[in-house]
Amino acid sequence: MDSAENEATGSRISPPAGASAIVLSGFYEGLEVALDRERIVIGRGRKADLILAEATISRAHAALGFDENGFFIEDLGSTNGTRVNGAPVSKQQLKNDDEIQMGKLRIGITLPA
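To start, this report covers the structure provided alongside it. Just so it is clear, the structure is predicted and the values come from calculations on it, not from any experiment.

**Focus: the side chain of Thr82**
Relative to the helices and strands, Thr82 resides in strand 7 (residues 82-84). On the accessibility criterion, Thr82 (1% relative accessible area) is buried. A polar atom in the side chain of Thr82 sits 3.4 Å from the side chain of His61.

**Quick word on the nonpolar core**
Core analysis: the largest hydrophobic core is formed by 25 residues, its most contacted members being Leu64, Ile73, Leu94, Ile100, Met102, Ile107 and Ile109. Looking at this core, the elements that each hand over two or more residues are strand 1 (20-23), strand 3 (39-43), strand 5 (62-67), strand 6 (70-75), strand 10 (99-102) and strand 11 (105-110). Leu94 has contacts with Leu64, Phe71, Phe72, Ile73, Val84, Ile100, Ile109 and Leu111, leaving out every residue within four places of it along the chain.

**Here's the deal with unusual backbone geometry**
Backbone geometry places Asn85, a non-glycine residue, at a positive phi of 50°. Looking at the secondary structure, you find Asn85 in the loop between strand 7 and strand 8 (87-89). Phi at Asp97 takes a positive value of approximately 70°, unusual for a residue other than glycine.

Criteria and thresholds
Residues numbered from 1 in each chain as written. Predicted model: local features only at pLDDT ≥ 70, side-chain atom pairs only at ≥ 80, totals over all residues. Heavy atoms only, no water. Helix = DSSP H or I, 4+ residues; strand = E, 2+ residues; numbered from the N terminus. Buried < 20%, exposed > 50% of the residue type's maximum accessible area, 1.4 Å probe, protein only. Polar contact = N/O pair within 3.5 Å; in protein donor to acceptor, adjacent residues only side chain to side chain. Core = buried A, V, L, I, M, F, W, Y, C linked by side-chain atoms within 4.5 Å. Contact = heavy atoms within 4.5 Å.

Scope: geometric values only; no functional claims are made or implied.
Set out below in structure tokens:
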């Protein structure tokens, strides 16, 4: 079933088990979050799915998501931007062991084989 058929039938693609994001530095170092939903908004605001009280990230900074192409990170118009492996991105497909930086926050990505 392609993405058009998924939209037409209302079915969604579920992320595979075993994907996670782990905070690599700062106050939240060691915090691990399962990437088990279609979309997880990261930010310091109350409406974020993953709320991190970090002054260098926006209220709704970025979203980790999953679609027919795999896992991705999408910047949500943040002030300080989002980087993957040091390069600024607006939306980027993710690979195993990628490192995301949002402000001073560094997040490592683990994806299933």
